[in-house]
Amino acid sequence: MSKKTHSEKLPEIPPAVNMDDAQQQAAILASALPYLRRYAGDTIVVKYGGHAMGEGKLASAFGYDIALLKLVGINPIVVHGGGPQISSMLDRLNIRSEFVDGLRVTDSAMVDVIEMVLAGSVNKQVAQLINRAGAMAVGISGKDGSLIQARKVTRTRRDPDSQIESVIDLGFVGQPEKIDSRVLYALLGSGLIPVIAPVGAGENGETYNINADTAAGAIAGAVHASRLLMLTDVPGVLDREGKLIEELSAEEARNLIKDGTISGGMIPKVETCLDAVQSGAKAAVILDGRVPHTCLLELFTRAGPGTLIKA
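Bear in mind the structure is a predicted one, so any value in this text is a computation, not a measurement. (Residues numbered from 1 in each chain as written. Predicted model: local features only at pLDDT ≥ 70, side-chain atom pairs only at ≥ 80, totals over all residues. Heavy atoms only, no water.)

### Focus on the side chain of Thr 307
Rules: Here a helix means four or more residues in a row that DSSP labels H or I, a strand means two or more in a row labelled E, and each is numbered from the N terminus. By definition in these notes, contact holds between two residues if any of their heavy atoms fall within 4.5 Å.
With respect to the helices, strands and loops of the structure, Thr 307 is situated in strand E14 (residues 306-310). Apart from the residues within four sequence positions on either side, Thr 307 is in contact with Gly 236, Val 237, Leu 244, Ile 245, Glu 246, Leu 248, Ala 284, Val 285 and Ile 286.

Structural data, given as structure tokens:
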């Protein structure tokens, strides 16, 4: 009769092959104790998207990471994107997309498709990643429980010749006006992990497509999260020499935007972090989602692989 080990209860995790490996695993667990104590009972908001959302092994690792956070006494909230999945469905339906400043112009027909993809298949897939890892996740959208009350986003464009500004109608593209966090507290208090699709409801009940970064930042501020973790496809904020900046104050981040060090698509991500810490989150971190277990590395080690932004 073969001897059973505790590792047999976790078939996807390879067992230690000898005592040295087992002691090394135990040492890693012990070294995480100060960080576990630090974040015990805290709320962490994770924006999930980019490469980490599409690659199989990274997606599976993400599910385990979020489940682990819950099982060690931390309260994670996940806000996910779904741009590639939306584009794929629109292509199948022969619906053309147009982008302005990175935002998808959304008409009434398109917003129905976006809601179907984000709050339907993508939302449930993300929740299932966590459920398979042993925790209990519930997929909802920003419309459920009036979680995200949204308002219409507008953009302006200046004519280079006349210098006259005109308003660009983005359709049903919105931004959070108010976060009613009662539904989140109810789920967290029941031992559940909220997985949120970034669509919200307008004043008259209309549906708005909301950028996932923006939604995650607003939620992090509303629940006074200890950390907002923004998973991206870049290492973090880089200086002019291309080296990672490990920590920034809000003032330093604004100055880097002004002098052009922070540019392009990194600007809205940093601004989201600044809005989150200004509205109640303790800190925000821009993380490289291409690194396996990036959330655990950030929270439970000194080698956090991103840029921390504080007020």
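Next comes the rest of the description.
### What to know about unusual backbone geometry
Short version of the rule: Relative accessibility thresholds used throughout: buried, under 20% of the residue-type maximum; exposed, over 50%; partly exposed, between the two (1.4 Å probe, protein chains only).
We note that Asn 94 has phi near 60°; this positive angle belongs to a residue other than glycine. As for its placement among the helices and strands, Asn 94 is situated in the loop between helix H5 (83-92) and strand E3 (99-100). You will see that His 293, though not glycine, has its phi angle at about 60°, which is positive. Taking the relative accessible area as the measure of exposure, His 293 reaches 37% and is therefore partly exposed.

### A closer look at the nonpolar core
Put simply, the test is: As used here, the term nonpolar core means buried Ala, Val, Leu, Ile, Met, Phe, Trp, Tyr and Cys residues forming a set that is joined through side-chain atoms within 4.5 Å.
Counting 45 residues, the largest nonpolar core has Tyr 48, Ile 130, Leu 229, Leu 231 and Phe 300 as the members making the most contacts within it. For this core, the element with the highest residue contribution is helix H6 (residues 108-132), accounting for 10 residues. Sequence-distant contacts of Phe 300, that is, excluding residues within four places in its chain, are made with Ala 32, Tyr 35, Leu 36, Tyr 39, Leu 69, Val 72 and Ile 74. One finds Val 79, Ile 140, Ala 220 and Ile 286 within the second-largest nonpolar core, a separate group that totals 40 residues.

### Observations regarding the pairing of strand E11 (residues 227-232)
As a reminder of what qualifies: Two strands qualify as a pair provided DSSP detects at least 2 bridges between them.
Where burial is concerned, most of E11 is hidden: six out of the six residues are buried. Taking every second residue as pointing to the same face, both faces of E11 are buried, with Arg 227, Leu 229 and Leu 231 on one and Leu 228, Met 230 and Thr 232 on the other. Where strand E1 (residues 43-48) lies against E11, four bridges are found, and the strand directions are parallel. Following the sheet pairing, Ile 44 is matched in E11 by Arg 227. Inspection of the sheet shows E11 paired to strand E13 (residues 283-288) by five bridges, in the parallel sense. Residue Leu 229 lies in a different strand from E13, and its bridge partner there is Val 285.

### Topic: empty space enclosed by the protein
As a reminder, the rule being used: Note on definitions: the grid is 1 Å and covers protein atoms alone; a cavity is a set of points where a 1.4 Å probe fits but cannot get out; a pocket is an open set with protein on both sides within 12 Å along at least five of seven lines; lining residues have an atom within 4 Å of a point. Grid points are joined across faces, edges and corners, and a volume is the space filled by probe spheres set on the points. Classification convention: Asp, Glu, Lys, Arg as charged; Ala, Val, Leu, Ile, Met, Phe, Trp, Tyr, Cys, Pro as nonpolar; all other residues, Gly among them, as polar.
Going through the model one piece at a time under the given rule, you end up with two cavities of 30 Å³ or more. Counted as a void, the largest cavity has a volume near 60 Å³. Surrounding the largest cavity, Ala 52, Leu 58, Ala 61, Phe 62, Asp 65, Leu 231, Gly 289, Val 291, Pro 292, His 293, Thr 294 and Cys 295 form its lining. Top element by residues in the lining of the largest cavity is helix H4 (residues 56-71). It accounts for four residues. A per-class count over the lining of the largest cavity returns eight nonpolar, three polar and one charged.

Everything listed here is a matter of geometry and, on its own, says nothing about what the molecule does.
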